[in-house]
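# Working through the structure, step by step
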Amino acid sequence: MIPLTDSPVTRDGKVLILAMDHGLEHGPSADFSSVPETLNPEKIFDIATHDAVTSLAVQKGVAETYYPSYDDDVSLLAKLNGTSNLWMGEPYSPKNWTVDYAAELGADAIGYTVYSGSNHEPQMYEDFREVQETAHREHDLPVVMWSYPRGQGLKNDTKESTIAYGSRIAHELGADIAKVKYPGSRESMEWAVKSAADTKVVMSGGSKVSDYDFLSSVEAVMDAGGAGLAVGRNVWQRDDPERILDALERVIFEDATADEALE
Amino acid sequence: MIPLTDSPVTRDGKVLILAMDHGLEHGPSADFSSVPETLNPEKIFDIATHDAVTSLAVQKGVAETYYPSYDDDVSLLAKLNGTSNLWMGEPYSPKNWTVDYAAELGADAIGYTVYSGSNHEPQMYEDFREVQETAHREHDLPVVMWSYPRGQGLKNDTKESTIAYGSRIAHELGADIAKVKYPGSRESMEWAVKSAADTKVVMSGGSKVSDYDFLSSVEAVMDAGGAGLAVGRNVWQRDDPERILDALERVIFEDATADEALE
Amino acid sequence: MIPLTDSPVTRDGKVLILAMDHGLEHGPSADFSSVPETLNPEKIFDIATHDAVTSLAVQKGVAETYYPSYDDDVSLLAKLNGTSNLWMGEPYSPKNWTVDYAAELGADAIGYTVYSGSNHEPQMYEDFREVQETAHREHDLPVVMWSYPRGQGLKNDTKESTIAYGSRIAHELGADIAKVKYPGSRESMEWAVKSAADTKVVMSGGSKVSDYDFLSSVEAVMDAGGAGLAVGRNVWQRDDPERILDALERVIFEDATADEALE
Amino acid sequence: MIPLTDSPVTRDGKVLILAMDHGLEHGPSADFSSVPETLNPEKIFDIATHDAVTSLAVQKGVAETYYPSYDDDVSLLAKLNGTSNLWMGEPYSPKNWTVDYAAELGADAIGYTVYSGSNHEPQMYEDFREVQETAHREHDLPVVMWSYPRGQGLKNDTKESTIAYGSRIAHELGADIAKVKYPGSRESMEWAVKSAADTKVVMSGGSKVSDYDFLSSVEAVMDAGGAGLAVGRNVWQRDDPERILDALERVIFEDATADEALE
Amino acid sequence: MIPLTDSPVTRDGKVLILAMDHGLEHGPSADFSSVPETLNPEKIFDIATHDAVTSLAVQKGVAETYYPSYDDDVSLLAKLNGTSNLWMGEPYSPKNWTVDYAAELGADAIGYTVYSGSNHEPQMYEDFREVQETAHREHDLPVVMWSYPRGQGLKNDTKESTIAYGSRIAHELGADIAKVKYPGSRESMEWAVKSAADTKVVMSGGSKVSDYDFLSSVEAVMDAGGAGLAVGRNVWQRDDPERILDALERVIFEDATADEALE
């Protein structure tokens, strides 16, 4: 494991990742049409300069183009793999960016999706191994696993036991931070956090919900011992991203409840 | 991204790629029988010396044979992958040329086809990654993605949202220029251009149509913020390629309308 | 073969491996819910400091995180491959850790699962070959094969002849120690031990059974010429792991019977 | 392209390749039973010392064994890939010999079969790419593509358009010489020769036919602008190989007609 | 080819390979239960010290363990690939040992199985190529191909034409010695020997038969121009291996008939 205490991707050991790879994963129409100016990555980088954001997760092309102008103000989480939603078949996500090049561009951490449960799980584990070892051994970079059990063998990928399995897999395979879906309750999240041992666990933000519902789940994550949040649409699809980031800052870094944060 | 300002493959930030890999992709009978002298690549290289043409896209064997005689007058876009239309199965295009060898032969830019939506999308993304990183990191060469969503999961590959998805993919995966099919209207093209962020977007010429129809679509592309055109048959299948190139020069580089260009 | 006489993973030529990769292989709910504090790997490392334990087998992430604090008291058996039970298909176990990195972290031995009989047997043999040769040639590390015949061609993987086949395969492919399931009797175990020639054979502990039944099978293994035991749940799922380890120490290293050990 | 003017595999820009890999491709019974002494490769090497023969195409094992005794008198065309006819499935031909080793053994040219139209076309193109670039870049060796469209997508692989497609593919992928089947007429052959641009085209000899029929087709090839012939059985299955080589020499190198050559 | 005149794996140009990889290929129960002490490889190494034996073929694990004690008295034929009979599917045999490591351990020759006719034939040819070139180019080691046509396309793998095809394949792919099944008669064996050109041909011993039948087939092989025998069970499953080796020595190296050898 890479010590995260001094890493720019944490703040007091807590994490708030802003993620924007939806253009690749879902297409520009699905997630951007309600706030089309966010198609311009500069808009997202501007949002990511907010103090609450500990790092911004983007794909290679976005980082190559815009990160050089923001490297003083934004910490870069290089999301190495990704895929479109245009094809069919067992889940798999190819590596679109090498760790070496991410490090060369100044990345502060590496992000990688693993679909345990897919028939391609063995290939993904081998891909992850190469990424994890290069990051840890060659570049001292922490690794965030988007740990999303998914595939033919899994009907319901948000069961408590599946989420906890995902966070345990992240730990045993050597991730420093596990990004998992919210399992629905504080108790379930505690099980996922315990399963991850010393690997930090952050909740994946998911599709946009109301301020209160969103902040309440973040509050439950923090109460359960989680390290924070990775969020995309729930921030930049909002009319006022700064307002929700202010609230998240209070919940994640200042122990506020959802109610307090919205005051 | 590679700064394109000083690149020989642009002129005032605009692009006109002449493409001739139809012998490999479609066979010598399909596209050449009406103008058989174009089977001789020298004929195409001669056309490519026109001032309007910012680069010529050909396969390795053609470049090895003819480019040495034209390297003062033609800018070379090395089209690295390609396939015949003789086989069946999910779309895939193998790499027939390494970036290193293309650079050694004097290429000014790299071209690569990616079929998002194919069941082979993951493999193509990994192939593209290796090509893109070698081009950017080892040789400072810009990369043009022929971004053509295609495959079992896609019924209609010219929908506005599909074209825009293709141009976004090109951006997120690190292409400097996205070559996409014309989505049918200026408005749709604007969406594709916005989706590509700072990656330039050029329209793919397609099969031969009338002068006016062709130039009108190019005009719409330029109005939509597109960077230009990649064209093959619509130039070299014409009796007088120079005449249409003169007209394209006016539309692309001199802001002329289709009507003005044909005067 | 690597001489095991001076290896920290043996004691008087005998072996007691404590294994804990169940979080990856079975998930945190399956094996840990009865003793949830064992989800914390420190608990397992503490158990592994018992004198009877000659090495502790864990996955990379666990070793990276906790082994640095225990390297004086615990001998590390780096379990390189592993998979979740979430997916379906012919048995295969991907490599999640390279030998080089395991050696860098201070591993004293390498562990690798091979599923002979799976349609992926050829790939697993090639994977094992690379691991075995790197361990022996580059790092002088002994290799333990989890030799588990399994797959479409095998209905019953605990037949005497299958277990013996597994131990022979471990020998011919170059393992120093073969970890096999208990074939049900001392006589069957003798056949497995003879089949392994000079490769040591240890019994795989399996799911939790009563103290007496468990120790009796270990006694039979030792009587059959086996080198010892690899055990997980039968130790750390017990309320008092130290007590069973004391008993195992007597059976494995002091020639006690099950009855004597439980006195 | 490699300049062929000074290459030992041409004579006045013309080509007569003697090929003997039928033992691998068809087995010793199929093609050798009528003239069993040709099973001895020395017999074939002796024939290849005829002045008309510009190079001899054999597999690695044959070259390793016999070429050292003939390297003053025979020019070696290293046929790198090949397969038996014992298996079933989409056409593919594996690489049995590296370019580096062929060069080390003194090869004057490289030969490689490509089955465009097979579902394995993409893999064959990638294999060919590696071979072609190593030959051209590392060893200045010309490459002959056995360009044989074949596979599930092709019913009739001797159509004029298919043969011409094959010769175009050879050119675009960087072959110096294309070996294609005879398309049936001089006019069809002209189309194939034009399609190949500056890549030389030679006819593949095929199974044994009468002297006159055979020489007439060679005459048509030369009249069509072809560079010559690659022949096996039509030479060494004859009782008097020297006689047919004398005749071929007249047709290929001395512009004789079939009638004149047989006088 | 590697000159075999001075190689320890031949004696007067003749060959008698003792093979023992049946533990991997068939399991310890199938071939060893009648003479269980042969499960101990030392027993086989002792047999291999007989003057008639020109080399002993074993897998890596066996060689690593026992060969260091016998390297003065036994010549090692490193059998690199092998597989269990537990799985199903088209024949394939994975590489379990690299040539480099075999050479490091002191191997005098390399052995490799190739199943022509299997749908995996292309992969096996590529595997063989790498092995053959490394052996010949890096280590001057001769290569023995176990050339066994087998797979979906082959109903009867002991037809005369199939055996001859196998020996021809061994020659064209660069084997120094071809190990083939006995085709049933001296005449058929002559065809196989001729098909192999200068590659030596040895008969594969097969399952245990009577002394006379066994020696008669060896006599026929020698009369047909074969170089000798590769034998396993027909030696070490006998009560008195030395007696049959004495007889084989007379037939193979002293031109005795089966009758004379048994006197």
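Please read all numbers here as calculations on a predicted model, not as lab measurements. All residue numbers here refer to positions counted from 1 along the written sequence of the relevant chain. All chains are assigned letters beginning with A, and all ligands numbers beginning with 1, in the order in which they are written. Given that the model is predicted, a residue must reach a pLDDT of at least 70 before its local features are reported, and side-chain atom pairs must reach 80 or more before they are shown or counted; all residues, however, enter totals for whole chains, interfaces and linings. The basis for every side-chain value is the complete set of non-hydrogen atoms in the structure, without hydrogens or water.

What follows concerns the relation of the copies chain C and chain A. The copies are overlaid by a least-squares fit using only the C-alpha atoms of residues whose pLDDT is at least 70 in both copies. When chain C is fitted onto chain A, the two copies agree to an RMSD of 0.0 Å after a turn of 72° and an axial shift of 0.0 Å. Given the turn and translation reported, the copies of this chain are related as if by a five-fold rotation axis. When each C-alpha of chain C is compared by its distance to the rotation axis, C:Gln123 comes out closest, at 11 Å.

Only heavy atoms matter for contacts: two residues are in contact if any of them lie within 4.5 Å across the pair. Listed by partner, the interface residues are 37 residues for chain C and 32 residues for chain A. Here's the idea: put two parts together, see how much 1.4 Å probe accessible area each one loses, and the total over both is what we call buried area. Each partner contributes to the roughly 2900 Å² buried at the junction of chain C and chain A, and carbon and sulfur atoms together form 58% of this total. Considering only the surface of chain C that becomes buried against chain A, C:Leu39, C:Leu86 and C:Met88 emerge as the three largest contributors, covering 22% of it. When a carboxyl oxygen of Asp or Glu is within 4 Å of a side-chain nitrogen of Lys or Arg, the pair counts as a salt bridge. One can count two salt bridges joining chain C with chain A. Across the pair A:Arg137 and C:Glu104 runs a salt bridge whose closest N-O atoms are separated by 2.5 Å. For the purposes of these results, a polar contact is taken to be a pair of N or O atoms within 3.5 Å, where, inside protein, one atom must be able to donate a hydrogen and its partner to accept one; residues adjacent in sequence count only when each atom of the pair is a side-chain atom. Where chain C touches chain A, the interface holds 20 residue pairs in polar contact (both at pLDDT 80 or more).

Time to look at the environment of D:Pro28. Only DSSP runs of H or I with at least four residues qualify as helices, and only runs of E with at least two residues qualify as strands; both kinds are numbered from the N terminus onward. When you line up the elements, D:Pro28 lands in helix H2 (residues 28–32). The rule is simple: take the accessible area with a 1.4 Å probe, protein chains only, and divide by the maximum for that residue type; under 20% is buried, over 50% is exposed, in between is partly exposed. With relative accessibility at 1%, the residue D:Pro28 sits in the buried group. In this structure the C-alpha to C-alpha distance between D:Pro28 and D:Ser93, which are 65 residues apart in sequence, comes to 19 Å. Not counting chain neighbours up to four residues away, the residues in contact with D:Pro28 comprise D:Gly23, D:Ser33, D:Leu39, E:Ala164, E:Tyr165, E:Arg168, E:Trp191 and E:Ser195.

A separate point is the interface of chain D and chain B. Each side of the interface is counted separately: chain D has 32 residues, and chain B has 37 residues. The interface formed by chain D and chain B contains two salt bridges. Of the charged contacts in the structure, one is a salt bridge between B:Lys60 and D:Glu133, with a shortest N-O distance of 3.2 Å. If you list the elements that add at least two residues to the side of chain D that touches chain B, you get helix H6 (121–139), helix H7 (160–172) and helix H8 (186–195) of chain D. The element best represented in the side of chain D that touches chain B is H6(D), accounting for nine residues. Grouping the constituent residues of the side of chain D that touches chain B by class yields eleven nonpolar, twelve polar and nine charged. For this scheme, ten residues count as nonpolar: Ala, Val, Leu, Ile, Met, Phe, Trp, Tyr, Cys and Pro. Four count as charged, namely Asp, Glu, Lys and Arg, and the remainder, Gly too, count as polar.

For every residue, the pLDDT score states the predictor's confidence, bounded by 0 at the bottom and 100 at the top. In this model, chain A carries an average pLDDT of 95, and 99% of its residues clear a pLDDT of 70 or more. The complex model carries a pTM of 0.96, and its ipTM stands at 0.95.

This paragraph deals with the sheet that holds strand E2 (residues 55–58) of chain C. Residue and element names in this part refer to chain C. DSSP bridges decide pairing: two strands pair if at least two such bridges lie between them. With parallel pairing, the eight strands of this closed barrel are ordered in space as E1-E2-E3-E4-E5-E6-E7-E8. Each strand of the sheet is rotated relative to its neighbour by a mean of 25°, with strand direction disregarded. Axes here refer to lines fitted to C-alpha atoms; in helices the fit is confined to the stretch in contact. Angles between the N-to-C directions go from 0 to 180 degrees. Here helix H6 (residues 121–139) sits on the sheet in contact with strand E4 (109–114) and strand E5 (143–147), set at roughly 170° to E4.

This part is about the packing of aromatic side chains. Within a pair of aromatic rings, the relevant descriptors are the distance that separates the centres and the angle that separates the planes. In summary, the pairing rule links any two rings of Phe, Tyr or Trp, Trp by its six-membered ring, whose centres are within 6.5 Å, and it sorts them by plane angle into stacked for under 30 degrees, edge-to-face for over 60 and tilted for everything else. Scanning the model with the defined rule gives 20 aromatic pairs over all chains in all. Between A:Phe32 and A:Trp236 the ring centres are 5.1 Å apart and the planes differ by 15°, which places this aromatic pair in the stacked class. Placement of the pair is A:Phe32 in helix H2 (residues 28–32) and A:Trp236 in helix H10 (residues 233–236), with a sequence separation of 204 residues. As far as the burial class goes, A:Phe32 and A:Trp236 line up, both buried. A centroid spacing of 6.2 Å and a plane angle of 40° characterise the contact between D:Phe45 and D:Tyr66, whose relative ring orientation is tilted. With a gap of 21 residues between them, D:Phe45 in helix H3 (residues 41–48) and D:Tyr66 in helix H4 (residues 60–70) connect regions that are remote in the sequence.

For A:Gln132, the position within the fold is in helix H6 (residues 121–139). With relative accessibility at 0%, the residue A:Gln132 sits in the buried group. Taking C-alpha positions, A:Gln132 is 13 Å from A:Ala102, a pair spaced 30 residues apart along the chain. If we skip the residues at most four places from it in the chain, A:Gln132 touches A:Val143, A:Leu173, A:Gly174, C:Lys60, C:Glu64 and C:Tyr101.

Right, let's get into a negative patch on the surface. Taken together, A:Glu37, A:Asp239, A:Asp240 and A:Glu242 make up a surface patch of like negative charges. A relative accessible area of 81% means that A:Asp239 is categorised as exposed. Exposure above 30% relative accessible area and the lack of any salt bridge qualify a residue for a patch; like charges then connect within 9 Å, and the nonpolar side chains Val, Leu, Ile, Met, Phe, Trp and Tyr within 5 Å. Surface accessibility follows the Shrake-Rupley procedure with a 1.4 Å probe radius. Residue values consider only the protein chains on display as shielding. None of His or the chain ends enter the tally, which takes Lys and Arg as positive and Asp and Glu as negative. Charge positions come from single atoms, namely NZ of Lys, CZ of Arg, CG of Asp or CD of Glu.

As a further point, take the packing of H3(D) against H4(D). Residue and element names in this part refer to chain D. The interhelical angle for the contact between H3 and H4, taken along N-to-C directions, is 45°, at an axis separation of 10 Å. In terms of orientation, H3 and H4 fall into the oblique class. Like other packed secondary-structure pairs, H3 and H4 cross with a definite hand, here right-handed. In this structure, H3 uses Pro 41, Glu 42, Phe 45 and Asp 46 to contact H4, whose residues at the interface are Val 62, Tyr 66, Tyr 67 and Tyr 70. Each residue belonging to the contact of H3 with H4 can be placed in one class, and the counts come to six nonpolar, no polar and two charged. Put simply, angles under 35 degrees are roughly parallel, angles over 145 are roughly antiparallel, angles from 65 to 115 are roughly perpendicular, and the rest are oblique. Note: crossing handedness is left-handed where the near helix turns anticlockwise from the far helix by less than a right angle, and right-handed where it turns clockwise.

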